[in-house]
Amino acid sequence: MEGLVTQIQGLSGTASDVLSLQNLLKQADDSLHAESTRLPPFLDQLDPSKHSLGYLYFLEACTAGPVTREQASSFVLTIARFISSCVAEQIRLAPDKFISVCKRFKDQVLLLEEPLRGVAPMLTAIRKLQLSSEHLTALHPEFLLLCLLSKCYKTALSILEEDIFEVDQPRDLFLYCYYGGMISIGQKQFRKALELLHNVVTAPMSTVNAIAVEAFKKYILVSLIHHGQFPTNLPKYASSGAQRNLKTLCQPYVELASSYSNGKIADLEMYVEANKDKFESDNNLGLVKQAVSSMYKRNIQRLTQTYLTLSLQDIANRVQLNSPKEAEMHVLQMIKDGEIYATINQKDGMVRFLEDPEQYKTCEMIERIDSSIQRLMTVSKKLNVMDELMSCDPLYLAKAGRERQRFDFDDFDNVPQRYNI
Amino acid sequence: MASSSSSGLTFKLHPLVIVNISDHYTRVKSQMNPPPLTSTSATVNGVEPLQQAPRVYGCVIGVQRGRTVEIFNSFELLYDPSTHSLDRPFLEKKQELYKKVFPHFYILGWYSTGSDAQESDMHIHKALMDINESPLYVLLNPTINPAQKDLPVTIYESELHVIDGIPQLIFVRSSYTIETVEAERISVDHVAHLKPSDGGSAATQLAAHLTGIHSAIKMLNSRIRVLHHYLVGMQKGDVPCENSLLRQVSSLLRRLPAIESEKFQDDFLMEYNDTLLITYLAMFTNCSSTMNELVDKFNTAYDRHSRRGGRTAFI
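Values in this document were obtained by computation on a predicted structure and should not be read as measured data. (Residues numbered from 1 in each chain as written. Chains lettered and ligands numbered in written order. Predicted model: local features only at pLDDT ≥ 70, side-chain atom pairs only at ≥ 80, totals over all residues. Heavy atoms only, no water.)

## A short note on the overall build of chain A
Rules: Working definition: helices are DSSP H or I runs of at least four residues, strands are E runs of at least two. Numbering for both runs from the N terminus. Each residue gets one of three labels from its accessible area relative to the maximum for its type: buried under 20%, exposed over 50%, partly exposed in between, using a 1.4 Å probe on protein chains only. The contact definition used throughout considers only heavy atoms, calling two residues in contact when any of these lie within 4.5 Å. Only the protein chains shown count as covering a residue, and every accessible area follows the Shrake-Rupley method with a 1.4 Å probe.
Along its length, chain A carries 22 helices and five strands. Residues counted as buried form 45% of the 421 residues belonging to chain A. Relative to all contacts within chain A whose residues are 6 or more apart in sequence, the contacts with residues 24 or more apart total 65%. For chain A, the accessible surface area stands at approximately 22600 Å², while carbon and sulfur atoms represent 53% of it.

## Remarks on helix α16 (residues 265-274) of chain A
Residue and element names in this part refer to chain A. Short version of the rule: The arc in question is the one spanned by the directions pointing from the helix axis to the C-beta atoms.
Within α16, burial applies to Ile265, Leu268, Tyr271 and Val272. Each buried residue of α16 lies within a common arc of 125° when the element is viewed along its axis, so the set occupies one face. Within α16, the exposed residues directed more than 90 degrees away from the buried face are Met270, Glu273 and Ala274. Looking at the buried side of α16, the elements it contacts are α15 (251-262), α17 (276-281) and α18 (285-306).

## Some points on the confidence of the model for chain A
Low pLDDT means the predicted coordinates in that region are not meant to be read closely. We apply this condition: pLDDT measures the predictor's confidence residue by residue and takes values from 0 up to 100.
With 95% of its residues at a pLDDT of 70 or more, chain A shows a mean pLDDT of 80. Below pLDDT 50 for its whole length, residues 417-421 of chain A participates in seven contacts with residues either more than four positions away or in separate chains.

## Some words on the pairing of strand β8 (residues 153-163) of chain B
Residues and elements named next belong to chain B. The condition that has to hold: Strands qualify as paired when DSSP identifies two bridges or more between them.
As paired elements, strand β7 (residues 136-140) and β8 share four bridges and run antiparallel to each other. Bridge assignment links Tyr137 to a residue of β8, and that residue is Tyr156. The pairing of β8 with strand β9 (residues 166-174) spans nine bridges and is antiparallel. Each residue of the ladder has a partner; that of Glu159, found in β9, is Ile170. Counting the residues between successive antiparallel strands, the hairpin from β8 to β9 contains two residues, one of them, Asp164, with a positive phi of roughly 55°.

## Some remarks on unusual backbone geometry
Residue and element names in this part refer to chain A. A positive phi angle, close to 60°, is found at Glu113, a residue other than glycine. Residue placement: Glu113 occurs in the loop between α7 (95-111) and α8 (115-129). In this structure, Lys188 takes a positive phi of about 60° despite not being glycine. Relative to the helices and strands, Lys188 is located in the loop between α11 (170-186) and α12 (190-202).

## Description of the sheet that holds strand β3 (residues 309-311) of chain A
Residues and elements named next belong to chain A. Applied cut-off: Each axis is a line fitted through C-alpha atoms, taken for helices only over the stretch in contact, and angles between the N-to-C directions span 0 to 180 degrees.
Ordered in space as β3-β5-β4, the three strands form an open sheet in which the pairing is antiparallel. Whereas interior strands pair on both sides, the edge strands pair on one side only; in this sheet they are β3 and β4 (342-345). Taken over all neighbouring pairs, the strand axes of this sheet differ in orientation by 20° on average, direction set aside. Inspection of the sheet shows β3 paired to strand β5 (residues 350-353) by three bridges, in the antiparallel sense. Residue pairing in the sheet places Ser311 in a bridge with Met350 of β5. Lying on the sheet, helix α20 (residues 324-337) is in contact with β4 and β5; it crosses β4 at an angle near 145°.

## Some details on the pattern of salt bridges
As a reminder of what qualifies: Salt bridge criterion: a side-chain nitrogen from Lys or Arg within 4 Å of a carboxyl oxygen from Asp or Glu.
Under the definition given, this model contains 17 salt bridges over all chains. The partner of Glu142 of chain A in a salt bridge is Lys106 of chain A, with the nearest N and O atoms 2.8 Å apart. Of the two residues, Glu142 of chain A is situated in helix α9 (residues 139-150) and Lys106 of chain A in helix α7; the sequence distance between them amounts to 36 residues. For the residue pair Glu142 of chain A and Lys106 of chain A, the accessibility class agrees, reading buried in each case. A salt bridge links Arg27 of chain B to Asp23 of chain B, with the nearest nitrogen and oxygen atoms 3.4 Å apart. Of this pair, Arg27 of chain B and Asp23 of chain B both sit in helix α1 (residues 15-31), four residues apart, which is roughly one turn of the helix. The class for Arg27 of chain B is partly exposed, based on a relative accessible area of 33%. A single network of salt bridges, built from pairs that share partners, joins Lys106, Asp107 and Glu142 of chain A.

So, in structure tokens, the structure goes:
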């Protein structure tokens, strides 16, 4: 054991040394695990910032067994210190060990019921493990879970802003998008939540999994809140398993959506009351209530399409609100949120609906469009690369080729062409 | 051999002449049998591939009014290596023909290709001196030099200089300007851009138009960068301060912007935004079509219960 420690201390200098150290450590791994109880004092001899790889192996062996509460708090401190001071290149050589250490860290933090302590170290861990900011690691969903439990949503938002292009494990993506959706709902950023939940629901899956079912329920509700409607069919890029099974598994929500589209608030509220316990058991009752209140907004927006001016009393009647005062409050809130453009004349209680005042003649608009075009260009390049990869995929070629044999030689039409403008 | 001319004549060259000369040269060169591609075989033979740079000859014609000489057109002539002179009867016949069509045009001189004027050219030059007392020699350098910004055309005159006590005729370089008529500009433009003859589909026309604009803007950008670099150098003191140049730059800057009113800004920005939005829309469509194909392929490859049966039978 001491010999191993001295070897770690000696071989942590250059990159080639570290590789040979890694081989040594792999061979010594079993013996480390066997002696896991004796290891903690050795940890003090190693410096996490210089001997990250060796420290990682030792740490992983230490935390392998079941951990008591007292041990948990000391381990939490050690692991947090390790994460903040370790060297990224060394730990990337043993990513699965690092991931398992961090996962145990999360378990211990939850055991101590202090998820807030785990948020910052987990964020550092993600940054060190990621190969690029577009890479989704197994630590992302753990981090989001900690943020959710500790209710610090703002730090999570910084991670959610990044676009993801590479994923290690599909389960990570599902969990990440699901938690991300929940965090966005918490921050009332419904558009982002919709995007993330949409990803879960339409992700390729050979069989429907529980995460997708839960996500689908939230997806229906958020879609009602944000768009005021729910498209009954999933887009064609959703897997066929999802298309067939998800709706049957979330029956009460689908019915909620259909009664929403009728536009009558009283019916909606009755339905919600009737199925309250089902919604509650899914922890979605708050979201359902938000969906009901968004119904008023939807109705007011529908009014803007028919009328140019309307009195507050009329609005209250049409939208089934109790008094013109409530109608005024709703309209004011919507004007502030930017959902409608209107002016309220307080003297005679009339509301005038206006057009979108955006004239598209400012430099800021130019910058916005320009940045969107740049983003679209990068996406387009990546898509082209993926398309080419897919065309060369043997699975695809096998199935595409199979269909062609039935036809004549004259009927030869190969892989579909691009649009020729 | 070449210093600057002191005759005080101003020369105006039409682009038609340049196009003619380059066309002549290109035709002759491509009609010859191309030499073997490998350079090693050429050196093994010990023979320098002289055929690679044929010299072509011809006459230039135009008008001389006072001190201005304007070269309008040119025609080709055969060079007789035995007599080291141009084909005289042919030249006279051509001259008569051209006189019928363009009564004002005279033979002003002759042209050839090469990198520099040579001694043997003086022979031809003297031979032409009976038609025109002071003929011109237009020389086109056919080697393409990408670093060179000017046209590789030089005009030489002959002057009597006293060298080593002997009065000799030597070639002296003269400066010239390019003069264009509207019709010429259109045809030169056409040749320069090599547009497809049938007009092509809308896409190729748009692409050609945009390529033209892009190259123009690129050139403008590089020229401005050169100026900027120069001015920065002048500011730092590396380059001696030249006031006339500074005045020119300042007058150039004062010419922009041409219009500066709020209505113009509004309209300009709105149109700019419209164009950007259209580009955005086009990119979107392109992206969605790629995405669509990708999803189709993915579904075909990986979906367990994908639709069988693809297409209906072709009747």
